[in-house]
Amino acid sequence: MKSTKKKVVSKKSISAPIVKKTKKNFWLSFLAILNILAFIAVVVVNYLANALPIWWMSTWALSDLYPNLFVPIGLTFSIWGLIYLLVFGFVIWQLVDLFRKKSLDITKKIGIWFLLSCMANVGWIFAWHYQNVLLSVIVMLLFLIILIVITKKLKIGERLGSCADKLLVQIPFSVYLWRICVATIANITTLLVTIWWNMRGMTDVFWTNLVIVVAALLALISLWKKYDIVFALVIIWAFIGIILKRLGAEIIYPNIIWTLGISIAIITGGIWWRLPEWKKR
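Residues numbered from 1 in each chain as written. Predicted model: local features only at pLDDT ≥ 70, side-chain atom pairs only at ≥ 80, totals over all residues. Heavy atoms only, no water.

### Details of the nonpolar core
Filter applied, for reference: What makes a nonpolar core is a set of buried Ala, Val, Leu, Ile, Met, Phe, Trp, Tyr and Cys residues whose side-chain atoms join them at distances within 4.5 Å. Think of it in three bands: with a 1.4 Å probe and only protein chains considered, a residue is buried below 20% of the maximum accessible area for its type, exposed above 50%, and partly exposed in between. In DSSP terms, a helix is any run of H or I states spanning at least four residues, a strand is any run of E spanning at least two, and both are numbered starting from the N terminus. Whether two residues are in contact is decided by their heavy atoms: any pair within 4.5 Å suffices.
If you look at the biggest cluster of nonpolar residues, it comprises 81 residues, and the most contacted ones within it are Phe114, Tyr176 and Phe239. Ranked by residue count, the leading element in this core is helix 7 (residues 163–194), at 14 residues. Once residues lying within four places of it in the same chain are set aside, the contact partners of Phe114 are Asn35, Phe39, Val87, Phe90, Val91, Ile150 and Phe173.

### Observations concerning the packing of helix 5 (residues 113–129) against helix 7
Heads up, the condition is: Convention adopted: a line fitted to C-alpha atoms gives each axis, helices being fitted over their contacting stretch, and angles between N-to-C directions are expressed from 0 to 180 degrees. Orientation labels follow simple angle bins: below 35 degrees gives roughly parallel, above 145 gives roughly antiparallel, 65 to 115 gives roughly perpendicular, and whatever is left gives oblique. Note on convention: the crossing is left-handed when the near helix lies turned anticlockwise from the far helix by less than a right angle, right-handed when the turn is clockwise.
Direction vectors running N to C along helix 5 and helix 7 enclose 30°, while the axes themselves pass 14 Å from each other. With respect to helix 7, the element helix 5 is oriented roughly parallel. The way helix 5 lies across helix 7 gives a crossing that is left-handed. The residues of helix 7 that touch helix 5, namely those facing Phe114, Asn121, Trp124 and Trp128, are Phe173, Tyr176, Asn187 and Thr190.

### Here's the deal with the confidence of the model for the chain
Using the following cut-off: In predicted models, pLDDT denotes the confidence assigned by the predictor to each residue on a 0 to 100 scale.
Per-chain confidence: the chain averages 85 in pLDDT, with 85% of residues scoring 70 or above. Ranking the helices and strands of the chain by mean pLDDT puts helix 5 first, with 97, and helix 1 (residues 2–51) last, with 73. Note on residues 5–19: pLDDT under 50 across the span, and zero contacts to partners over four residues away in sequence or across chains.

Laid out in structure tokens, this is it:
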């Protein structure tokens, strides 16, 4: 009788974890699929925002409505095509990761945060196209915070298991986060322009140069602490776009162009310095 009871107990102890594991895998798979659908919705809304366009003006045309010296040329926004391609690779990979033997538990780590990022992305599009600049800044800040949480949960910047993990997890979110960081700076600057903000008589050129220096310092800090060459490249791309925008304008503002040029040179030097270490990570 004793041996029979032991066998019954052992069966229960084996069957319980299997049921839990099955339920866990089901919900994680469901969440991974939701992430893919949410990302598709983001791409569709962003496409329609310029194809229709929403509220009769494209995203880039709306940027030109505000005299913001930090806004880059429209060509610079083409980086979004690369970003969405990288993120698409991620959303597919996070589903594949569920069935790998050595899973990184990507979907489990990010939870609903990627869904929230997609909602913030779409929300910003509508706020911006309906020209509610204050609301667009609030949504953009939430978007930025959500991406920071995701990068923390996925430990972006640390060593990953393989080249595939680096290409499909680290690089996509590194580019995504820092492009939103630059977009947030531009968005806040636009808000300040709309409310005619002018602290102590300082000119737009002064504040634009200050914002450029701050962005350059962020790039250098990321290179110093996290060897984040991707962020530095995103900043350089944005700076080149601003230079092209200023050169094509009626008023050129040489001071801004010089500040951008010097910043690009310094950041490029930082990239060259950190490149050997970045390759090892």
